[in-house]
Amino acid sequence: MKLKHIAISLLGTGLLTTTSCVNDLDVFPLDPDITTSNKAYDSAESYTQALNKIYSVWALSGQDGAGSSDISGLDAGNTVLLRCWFTLQTCPTDETKNAWGDAWVSSMNSMTWTTAQVESIEGAYQRGMYIVALVNDFMNNIGNAPAEINQAQYAAEARFCRALAYYSLMDLFGRPPFITESNYSLNPSQLATRADYFNWIESELLDIYDDLPVQGEYGHAGQAAVDALLSRMYLNAEVYTGTPRYDDCIARCNNVINAGYSLADNYDELFMANNGENSTASKEIIFPIMADGETTQSYGIGAIILGTRASSPERASGIGSGWAGFRGTGNLVRVFDFPSTDESTWTDENILDKRGIFYSGSKSIDITTSYATFDTQGWSVYKFTNLNSDGTDGKNATFPDTDFPLFRLGEIYLNYAEAVARGGQGGSMEQAVTYINELRARGYGDHSHDISSSWLTANASIGGTTSSVQYGNLLNERQREMYFECTRRTDLIRFGLFTSGNYLWVEKGGTPTGVAVDDRYNLYPIPTTDQSVNGNLEQNPGY
């Protein structure tokens, strides 16, 4: 791990805090030999830039363009944190398989990774810990900020970013190194249990809550972003701690719902190039990872959009050449409704639920061999695009303008419904039904596919297979609403399906039709690059 001696001279990149999208890059030039914080934090502007740098790590690999990396040894293109999060949360699941020949692809497609270095695993780990390091330094200095800086809010926003980073690390790795401004160490150890991380993150989020506005400025954390993260954590609390927290999930969902957000008028506009500027879309987005094709160029959202298109894109997407990588599995396509059960009649144009945004062409629904079959197997996923809502292209054909909605109201409706269905108190089945029907009506265009309360708790088959689980309708609905939004791995783990043989998909376990895998794959391994320099770290069981 290359993070032990981080110079504060890295804080230069800034995402402007005064607009609804990233329209400028506020670079703070520093002498590369400066490593002391008291020289870096020397003005009100420098504190704003430092906070913006912390936010930017999810979107940018470095502060000098798409080819730069803040962390030595990490490829600037392949290890943007958003790109790594996307790969680790979707590629091993029933949503997508990648067609590239890169070294990491086969193990990620088939859930057969080991402790051998994998770029996506390495990137998610090191960049998550990089956020932690930046925040720790920021917290050591924010008390010296001049009067024009709202120290309490700035500190709260930074701590939210650190809590979010630790949430991602806890979700992926279980027990990462634990270090704050209060326990600095060159060789940080781990907390005793995954539950200890959960409890610390929860306490941090509760502690900063009153220092934040209800709705943060677009791209910044507010109380609603805290509630959204807690909602997701509480829904998965039994996985992380062994104890369900559905009551608390419902309470946090209610907070978000009462915070003034509303569903976007059109589902597809949530994922378009102007989703941050288009008020009919942005009103649903609680916390985005922001992008701009001119001023914040990286291969974060770009890898998702370019990676899902053919080398010559089949239809307009606001980009030049695609990378022919990620495409949908048969399980993903089959979760949507079509006019007929005859799959030979299925095309992307006759999906009844318009949340299914694909390109089918002459491609088969199923992937039988992932490598180099992008043009023939698996429907292309066109959900994210670099087109604006008026049909015009984004500003750059390689680097999209599209913000990634890390938290949005649609997820909160789903979290509420599942927590109620699983017995949580503080909500009602009637309200849960209303929320699900609002999502479905937006997808289908009317209320002809409304559900009833029995639908919420029923056993249902998953992903067009014969595998049936309780609350299966909700799991399917989550996929219809949230596919490619980096929640699928976590959802499948919560339902006990990610590693088990009860639900299978192509290449799971390295076979064409899928097999069960060892439960160790519910977590990724602690990278050996960190273990080799920090003897205090224990590897996850089974690796």
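The residue count restarts for each chain, going from 1 along the sequence in the order it is written. Note on the predicted model: pLDDT of at least 70 is required for a residue's local features to be given, and 80 or more for side-chain atom pairs to be given and counted; whole-chain, interface and lining totals, by contrast, use all residues. As a rule here, side-chain values cover all heavy atoms of the structure and leave hydrogens and water aside.

**What about the overall build of the protein?**
This is how it is decided: Segments assigned H or I by DSSP are reported as helices when at least four residues long, segments assigned E as strands when at least two residues long, and all are numbered from the N terminus. The atom set for the radius of gyration is the C-alpha atoms, and the globule formula is 2.2 Å times the number of residues raised to the power 0.38. Under the scheme applied here, a residue whose accessible area is under 20% of the maximum for its type counts as buried, over 50% as exposed, and between as partly exposed, the area being computed with a 1.4 Å probe on protein chains only. By the convention used here, residues are in contact when the closest approach between their heavy atoms is within 4.5 Å. Working definition of accessibility: Shrake-Rupley area with a 1.4 Å probe, residue cover restricted to the visible protein chains.
Along the protein, the regular secondary structure elements total 19 helices and 8 strands. Against the 2.2 N^0.38 benchmark of 24 Å for 543 residues, the protein shows a C-alpha radius of gyration of 22 Å, consistent with a compact globule. Taking the principal axes of the C-alpha coordinates as reference, the protein spans close to 70 × 50 × 50 Å. The burial tally for the protein puts 63% of its 543 residues in the buried class. For the protein, long-range pairs separated by at least 24 residues make up 66% of all intrachain contacts whose partners lie at least 6 apart in sequence. Looking at the protein as shown, the accessible area adds up to about 18,000 Å², and 46% of this sits on carbon and sulfur atoms.

**Observations regarding the packing of helix H3 (residues 81-90) against helix H5 (residues 119-141)**
Rule in force here: To define axes, lines are fitted to C-alpha atoms, for helices over the stretch in contact only, and angles between the resulting N-to-C directions are given on a 0 to 180 degree scale. An angle counts as roughly parallel when it lies under 35 degrees, as roughly antiparallel when it exceeds 145, as roughly perpendicular when it falls between 65 and 115, and as oblique in every other case. Handedness of a helix crossing follows the sense of rotation of the near helix relative to the far helix, less than a right angle counterclockwise being left-handed and clockwise being right-handed. Three classes are used, and their members are as follows: Ala, Val, Leu, Ile, Met, Phe, Trp, Tyr, Cys and Pro are nonpolar, Asp, Glu, Lys and Arg are charged, and the others, Gly among them, are polar.
It is at 8 Å that the axes of H3 and H5 come closest, and there the two elements cross at 130 degrees. The pairing of H3 with H5 is recorded here as oblique in orientation. Pair H3 / H5 crosses with left-handed handedness. Taking contact as the criterion, the partners of Leu81, Cys84, Thr87 and Leu88 in H3 are, on H5, Glu119, Ser120, Ile121, Gly123, Ala124, Arg127, Gly128 and Ile131. Grouping the constituent residues of the contact of H3 with H5 by class yields 6 nonpolar, 4 polar and 2 charged.

**Observations concerning helix H6 (residues 151-173)**
Short version of the rule: Between the first and last residue of a helix there are one fewer steps than residues, each counted as 1.5 Å, and that sum is the expected span.
Taking 1.5 Å of rise per residue, 23 residues should cover 33 Å, and H6 covers 32 Å from first to last C-alpha, within 8% of that figure. With 20 of its 23 residues buried, H6 lies for the most part within the structure. In the stretch just after H6, Gly174 is the one whose phi turns positive, near 80 degrees.

**Quick word on the environment of Val226**
Checked against the element boundaries, Val226 lands in helix H8 (residues 223-235). For Val226, a relative accessible area of 0% puts it in the buried group. Considering only alpha carbons, one finds Val226 and Phe160, 66 residues apart in sequence, at a separation of 7.3 Å. Setting aside its immediate chain neighbours within four residues, Val226 contacts Phe160, Leu205, Ile208, Tyr209 and Leu212.

**Digging into the nonpolar core**
Operational definition: Only buried Ala, Val, Leu, Ile, Met, Phe, Trp, Tyr and Cys residues count toward a nonpolar core, and they belong to the same one when joined by side-chain atoms within 4.5 Å.
Counting 159 residues, the largest nonpolar core has Phe138, Phe160, Leu205 and Leu456 as its most contacted members. With 15 residues, the single largest contributor to this core is H6. Here Phe160 is in contact with Leu205, Ile208, Ala221, Ala225, Val226, Leu229 and Phe287, once residues within four sequence places are set aside.

**Digging into the pattern of salt bridges**
We apply this condition: The salt bridge criterion pairs a side-chain nitrogen of Lys or Arg with a carboxyl oxygen of Asp or Glu, the two atoms within 4 Å.
With the rule as written, the count across this model stands at 34 salt bridges. Taking the shortest distance from any N to any O, the salt bridge between Glu204 and Arg159 comes out at 2.8 Å. Highlighted residues: Glu204 in helix H7 (residues 194-208) and Arg159 in helix H6, separated in sequence by 45 residues. Glu204 sits in the buried class, given a relative accessible area of 9%. On the basis of relative accessible area, Arg159 is assigned to the buried category, the value being 16%.

**A word on the environment of Asn534**
Among the secondary structure elements, Asn534 is positioned in the segment after helix H19 (528-531). For the pair Asn534 and Leu387, spaced 147 residues apart in sequence, the C-alpha separation works out to 46 Å. When neighbours within four sequence positions are excluded, Asn534 is seen to be in contact with Asn187 and Pro188.

**Overview of the pairing of strand S2 (residues 285-289)**
As a reminder of what qualifies: Note: two strands are recorded as paired if DSSP finds a minimum of 2 bridges between them.
With respect to burial, S2 is a largely interior element, 5 of its 5 residues being buried. Bridge analysis of S2 against strand S6 (residues 404-408) gives 4 bridges, and the strand direction is antiparallel. Its bridge partner being in S6, Ile289 is matched across the sheet by Phe404.

**Thoughts on the packing of aromatic side chains**
Short version of the rule: Ring pairs shown here join Phe, Tyr and Trp side chains whose ring centres sit within 6.5 Å, with only the six-membered ring taken for Trp; geometry is labelled stacked below 30 degrees between planes, edge-to-face above 60, and tilted in between.
For the structure shown, the criterion picks out 40 aromatic pairs. Here the aromatic rings of Phe178 and Tyr197 are separated by 6.1 Å at their centres, their planes lie at 85 degrees, and the arrangement is edge-to-face. Residue Phe178 is found in the loop between H6 and H7, and its partner Tyr197 is found in helix H7; the two are separated by 19 residues along the sequence. Across the pair, exposure class does not vary: Phe178 and Tyr197 are buried alike. Between the aromatic rings of Tyr359 and Tyr382, the centroid separation amounts to 6.4 Å while the plane-to-plane angle is 45 degrees, which identifies the pairing as tilted. Of this pair, Tyr359 sits in strand S4 (residues 358-359) while Tyr382 is found in the loop between strand S5 (380-381) and S6, placing the two residues 23 residues apart along the sequence. Taking relative accessible area as the criterion, Tyr359 reaches 21% and is therefore assigned partly exposed. With relative accessibility at 5%, the residue Tyr382 sits in the buried group.

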